[in-house]
Amino acid sequence: MSTTSTIDAPICRTPLGVEIMTAETGPGRLPGERTPQPRHRPHAREAGEYLFVGLRGATRLPDTDPVSVRLAPGDICFYDAQRPPALDFPERFRATVFLVPADLLGITPADAGRITRTPVARTSRLGALLSPLLSDLARTAAEARPPVGDMLAGNAVNLLATLAAERLGSHAAGPHEGQAPPVLARILEYVELHLPEPDLSPDTLARAHHISVRYLHKLFQQEGTTVGRWILCRRLEECRRDLLRHGRRSRTIAAVAGRWGFTSATHFSRVFRTAYGMSPREWRDSAGRD
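Here the structure is a predicted model, which is why all the values come from computation and not from measurement.

Novice: I would appreciate a short explanation of the layout of surface pockets in the present structure.
Specialist: To find leftover empty space, a probe the size of one water molecule is rolled over the atoms. Its volume calculated, the largest pocket comes out at about 560 Å³. As for the largest pocket, its lining consists of 21 residues, of which Leu-133, Leu-159, Trp-230, Cys-233 and Glu-237 are closest to the centre. Elements represented by at least two residues in the lining of the largest pocket include exactly helix 2 (125–143), helix 3 (148–169), helix 7 (227–246) and helix 9 (265–276). No other element matches the seven residues that helix 7 contributes to the lining of the largest pocket.

See the structure below:
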């Protein structure tokens, strides 16, 4: 299997020094400085989307014993952008790559050596919450025009900094700590499938998964959020993407809000402005700017 090619994808570059790319691709070398690859080699056997974070500007890490890094779809893998690894992957898979200056994430060279060898599993607590959001942010930032794309890239950096800090703090944890209960993954999937339904609520989620509302709230509390806040954030993300993707050619703002479960256009406009610092109309119109 050839590993000499690099991922060829549209790149979103921002003033922060962050580059974002996402594309369907095949086995190759991850984007970076094109210097000799490190001795650890990510590999996977399933097709799907994989997220990679290339750390730029960290002091070059010393070679150590070879490490095999196994990945599954949705996992997030940090790597040293000075020595991008080659991938042992299926013929086709989806790659989402963030190239980020290490200092933006608050990562020291010693930190980089720790997190580049330990992927963040999609099944972990933060992985289950952040993997789909990072994927969505990458796609939306690549489609957006400045300054919206820059703001989205900044949001992605904040999420990645949180993820890195959590990862660095979890190395002392036991083998079973930090794992999300299987029911949480099913609940999150259910939310995605039923997001447009206005009556999606803690009661309906609890009934659908045969758990108590109290236990449902406890699951989300352990992730540092609430059921209502999670549903609201996901609805806002989808509305934002719809408005930005089509600009003035999109449905009316009220229609976009209704499509994703908002029953009041006034309420939607208020929570949208609170979340993103501008009105839905301003956000939509930004898609038409050069």
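Next comes the rest of the write-up.
Novice: Mind showing me how you'd approach the sheet that holds strand 7 (residues 93–101) here?
Specialist: Spatial strand order, 1-2-7-4-6: five strands in an open sheet with mixed pairing. Two strands bound the open sheet, and with one partner strand each, they are strand 1 (11–13) and strand 6 (76–80). Going from strand to strand, the sheet's axes swing by 20° on average, the running direction of each strand aside.

Novice: I tried to follow the packing of aromatic side chains on my own but got confused; where do I start?
Specialist: The relation between two aromatic rings is expressed through the spacing of the ring centres and the mutual angle of the planes. The full count for this structure, using the stated rule, is nine aromatic pairs. With a centroid separation of 4.8 Å and 65° between ring planes, the pair formed by Phe-272 and Tyr-276 is classed as edge-to-face. Residue Phe-272 and its partner Tyr-276 are located together in helix 9, separated by four residues, close to a single helical turn. For the ring pair Tyr-276 and Trp-283, a centre distance of 5.0 Å and an interplane angle of 45° mean the geometry is tilted. The same class applies to Tyr-276 and to Trp-283, which are both buried. Through successive ring pairs, a cluster of aromatic residues spans Phe-262, Phe-268, Phe-272, Tyr-276 and Trp-283.

Novice: Sorry, what's going on with helix 2 here?
Specialist: End to end, helix 2 covers 29 Å across 19 residues, agreeing with the expected 27 Å (1.5 Å per residue, within 8%). Burial runs high along helix 2: 14 of the 19 residues are buried.

Novice: Would you explain helix 6 (residues 213–222) in this entry?
Specialist: Since the α-helix packs 3.6 residues into each turn, any two residues three or four apart lie on the same face. Here helix 6 has its buried residues at Leu-216, Leu-219 and Phe-220. Buried positions in helix 6, seen along its axis, are confined to an arc of 90° and lie on one side of it. Structural note: helix 6 exposes Arg-214 and Gln-221 on the side pointing more than 90 degrees away from its buried face. Two residues or fewer past helix 6, Gly-224 is found with a positive phi of approximately 80°.

Novice: Help me understand the environment of Val-157, please; the structure alone is not making it clear to me.
Specialist: With respect to the helices, strands and loops of the structure, Val-157 is situated in helix 3. Counting along the chain gives 52 residues from Val-157 to Leu-105, while the straight-line C-alpha distance between them is 7.0 Å. Sequence-distant contacts of Val-157, that is, excluding residues within four places in its chain, are made with Val-18, Val-100, Leu-104 and Leu-105.

Novice: I'm lost on the side chain of His-209 in this one. Help?
Specialist: For His-209, the location among the structural elements is in the loop between helix 5 (202–208) and helix 6. Separated by 2.9 Å, the side chain of His-209 and the backbone oxygen of Leu-205 make a polar contact. Leave out the neighbours within four places in its chain, and His-209 touches Val-183, Arg-186, Ile-187 and Tyr-190.

Novice: Whenever I open this one, the pattern of salt bridges confuses me. Can you help?
Specialist: It is possible for side chains bearing opposite charge to pair when their charged atoms get close. The full count for this structure, using the stated rule, is eleven salt bridges. With a closest N to O distance of 3.9 Å, Glu-49 and Arg-94 form a salt bridge. With Glu-49 in strand 4 (residues 49–56) and Arg-94 in strand 7, this residue pair connects regions lying 45 residues apart in the sequence. The shortest N-O distance in the salt bridge between Arg-234 and Glu-192 comes to 2.7 Å. With a gap of 42 residues between them, Arg-234 in helix 7 and Glu-192 in helix 4 (residues 182–194) connect regions that are remote in the sequence.

Conventions we followed
- Residues numbered from 1 in each chain as written.
- Predicted model: local features only at pLDDT ≥ 70, side-chain atom pairs only at ≥ 80, totals over all residues.
- Heavy atoms only, no water.
- 1 Å grid on protein atoms, 1.4 Å probe; cavity = no way out; pocket = protein on both sides within 12 Å on 5 of 7 lines; lining within 4 Å.
- Points joined across faces, edges and corners; volume = space filled by probe spheres on them.
- Helix = DSSP H or I, 4+ residues; strand = E, 2+ residues; numbered from the N terminus.
- Pairing = 2+ DSSP bridges.
- Axes fitted to C-alpha atoms, helices over the stretch in contact; angles between N-to-C directions.
- Phe/Tyr/Trp six-rings, centres within 6.5 Å; stacked < 30°, edge-to-face > 60°.
- Buried < 20%, exposed > 50% of the residue type's maximum accessible area, 1.4 Å probe, protein only.
- Expected span 1.5 Å × (residues − 1).
- Arc of directions from axis to C-beta.
- Contact = heavy atoms within 4.5 Å.
- Polar contact = N/O pair within 3.5 Å; in protein donor to acceptor, adjacent residues only side chain to side chain.
- Salt bridge = Lys/Arg side-chain N within 4 Å of Asp/Glu carboxyl O.

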